[in-house]
There are 2 protein chains.
Amino acid sequence: MRFRYPNGKLYTSKKRTSSPSVNNGNRGMRLEDDINESIAYYRREKMAVIHKKPTPVQIVNVDYPARSRAKITEAYFRQASTTDYNGVYRGFYLDFEAKETRQKQSFPFKNFHEHQLQHLTDVDEEQGLAFLILRFAETDEIFVMKASVFIQLKETSTRKSLQKQVIAKNSIAVSSGFIPTIDFLPAVDRLFFQ
Amino acid sequence: MRFRYPNGKLYTSKKRTSSPSVNNGNRGMRLEDDINESIAYYRREKMAVIHKKPTPVQIVNVDYPARSRAKITEAYFRQASTTDYNGVYRGFYLDFEAKETRQKQSFPFKNFHEHQLQHLTDVDEEQGLAFLILRFAETDEIFVMKASVFIQLKETSTRKSLQKQVIAKNSIAVSSGFIPTIDFLPAVDRLFFQ
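Computed from a predicted model, the values in this text were never measured in an experiment.

**Overview of the interface of chain A and chain B**
Move 1: On the chain B side, the residues contacting the 47 residues of chain A number 47 residues.
Move 2: Approximately 3900 Å² of surface area, both sides summed, lies buried where chain A meets chain B, with 60% of it carried by carbon and sulfur atoms.
Move 3: Inspection of the region where chain A meets chain B yields three salt bridges.
Move 4: Close ionic contact of B:Glu125 with A:Lys46 constitutes a salt bridge, the shortest N to O distance being 3.2 Å.
Move 5: Those elements that provide at least two residues to the side of chain A that touches chain B are β1 (2-4), β3 (49-52), β4 (57-63), β5 (71-77), β6 (85-89), β7 (92-101) and α2 (114-125) of chain A.
Move 6: Per element, the largest residue contribution to the side of chain A that touches chain B is seven residues, and it comes from β5(A).
Move 7: The residue makeup of the side of chain A that touches chain B, split by class, is 24 nonpolar, 13 polar and ten charged.
Move 8: Both β5(A) and strand β5 (residues 71-77) of chain B contribute to a ladder of three bridges, which runs antiparallel.

**Some details on the pairing of β6(A)**
All names here are of chain A.
Move 1: The element β6 is largely enclosed, with a buried count of five among its five residues.
Move 2: Because side chains alternate across β6, one face comprises the buried residues Tyr85, Gly87 and Tyr89, and the other comprises Asn86 and Val88, equally buried.
Move 3: Direction of pairing for β3 relative to β6: antiparallel, over a ladder of four bridges. Across the sheet, residue Ile50 finds its bridge partner in β6, namely Gly87.
Move 4: In the sheet, β6 pairs with β7 via five bridges, with the strands oriented antiparallel. The partner of Val88 across the bridge, within β7, is Tyr93.

**A closer look at the packing of aromatic side chains**
Move 1: Taken as a whole and assessed by the stated rule, the structure comprises 27 aromatic pairs over all chains.
Move 2: Look at B:Phe136 and B:Phe143: their rings are 6.2 Å apart centre to centre, the planes differ by 85°, and that puts the pair in the edge-to-face class.
Move 3: Its relative accessible area of 5% is what places B:Phe143 among the buried residues.
Move 4: The ring of A:Phe109 carries A:Lys154 above its face, with NZ or CZ at 6.0 Å from the centroid.

**Observations regarding the relation of the copies chain A and chain B**
Move 1: Mapping chain A onto chain B calls for a rotation angle of 180° and an axial translation of 0.0 Å; the resulting RMSD is 0.0 Å. Given the turn and translation reported, the copies of this chain are related as if by a two-fold rotation axis.
Move 2: The share of interface residues of chain A whose copies in chain B are also at the interface is 100%, consistent with both copies meeting through the same surface.

**Observations regarding the UniProt feature "site: Transition state stabilizer" (unreviewed entry) in chain A**
Residues and elements named next belong to chain A.
Move 1: Taking the numbering used here, the UniProt-annotated feature "site: Transition state stabilizer" (unreviewed entry) corresponds to Lys99.
Move 2: Examined against the element boundaries, Lys99 turns out to sit in strand β7.
Move 3: With relative accessibility at 12%, the residue Lys99 sits in the buried group.
Move 4: Sequence-distant contacts of Lys99, defined by excluding residues within four places in its chain, comprise Leu31, Phe107, Asn111, Phe112, Gln116, Ile133, Leu134 and Arg135.

Thresholds, definitions, all that
Residues numbered from 1 in each chain as written. Chains lettered and ligands numbered in written order. Predicted model: local features only at pLDDT ≥ 70, side-chain atom pairs only at ≥ 80, totals over all residues. Heavy atoms only, no water. Contact = heavy atoms within 4.5 Å. Buried area = accessible area lost by both parts, 1.4 Å probe. Salt bridge = Lys/Arg side-chain N within 4 Å of Asp/Glu carboxyl O. Helix = DSSP H or I, 4+ residues; strand = E, 2+ residues; numbered from the N terminus. Nonpolar A, V, L, I, M, F, W, Y, C, P; charged D, E, K, R; others polar. Pairing = 2+ DSSP bridges. Buried < 20%, exposed > 50% of the residue type's maximum accessible area, 1.4 Å probe, protein only. Phe/Tyr/Trp six-rings, centres within 6.5 Å; stacked < 30°, edge-to-face > 60°. Lys NZ or Arg CZ within 6 Å of the ring centre and 35° of its normal. Least-squares fit on C-alpha atoms with pLDDT ≥ 70 in both. UniProt positions renumbered as here; feature names shortened; annotations may be inferred.

Written as structure tokens, this is what we have:
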């Protein structure tokens, strides 16, 4: 079965294999899977403990069939009040949102919800490491950007999206690799500790 | 409607009022509500950004009724792979589990799942602030304890529970107050920074 999460991500019950396709024709929207593989790698290697938060669901009704586990029969997606990912890296708190677009030259601001950017601002004020991972799906270009920088660029922009060349100038580019698929921690080091 | 989450907490659709009862006869299992109020207070006062993670749910089927929002019609509770609470405090990552018992003299080890203690150990190794908030419901006694200390006491114990006097000796006692209901951050300071 297949359905879409509120964030637009397509859910399929079949799991994607762990080796991503590298031919252009097959490049699609797969950032979340790649991030999940990367944070699992970081956990295994004891480099960072980062988890994706569960999708928030408002539960309305639950059945308790005899001799089997509780079955939720009515529930609704809730809007998340935070970003999808957070965790600990060398004692520091890190928190990020990962988004991708099929657009080629700019990243639409509407991909980010106001409450996510507010949460990242709150984290930044509490001295956490707040950032974004942005992917241009067509070209598989990935950028790691401080959330505070993105928010400032958004607030001073008169456009509805952020041009790729502006992103490139204000972030760290990360190549898509094999293990981990997206090695974003060195970019975090450069953004926050250098 | 009412149902129980897998952690045993009773769900009721009616929200508890924000002023907790103080008479002994009414003292019950309410730690989660009190923690939620306390972290909301810390967020408002910009003292820390801590959130409760959503209950993890495995979604099996979703209906899309015309002109209304997606309705989840089949889902199951999944076991969480982390603790319930994490966040950022003065740049540091903190992570904790909050549990209460109706027992009077000792805290049962079985209240903690192995994967939760493993997660707290992982956080501790990554230099995060990993701790427990333990409440004895009958007497409303609350203790904040380093997760590593609890785990060591558990591993060297031959009992099925940790005696209250051992907990008291190895943790910081926190009184139940009004705003915030459980002011645990000063205990975190004492445990990790003094």
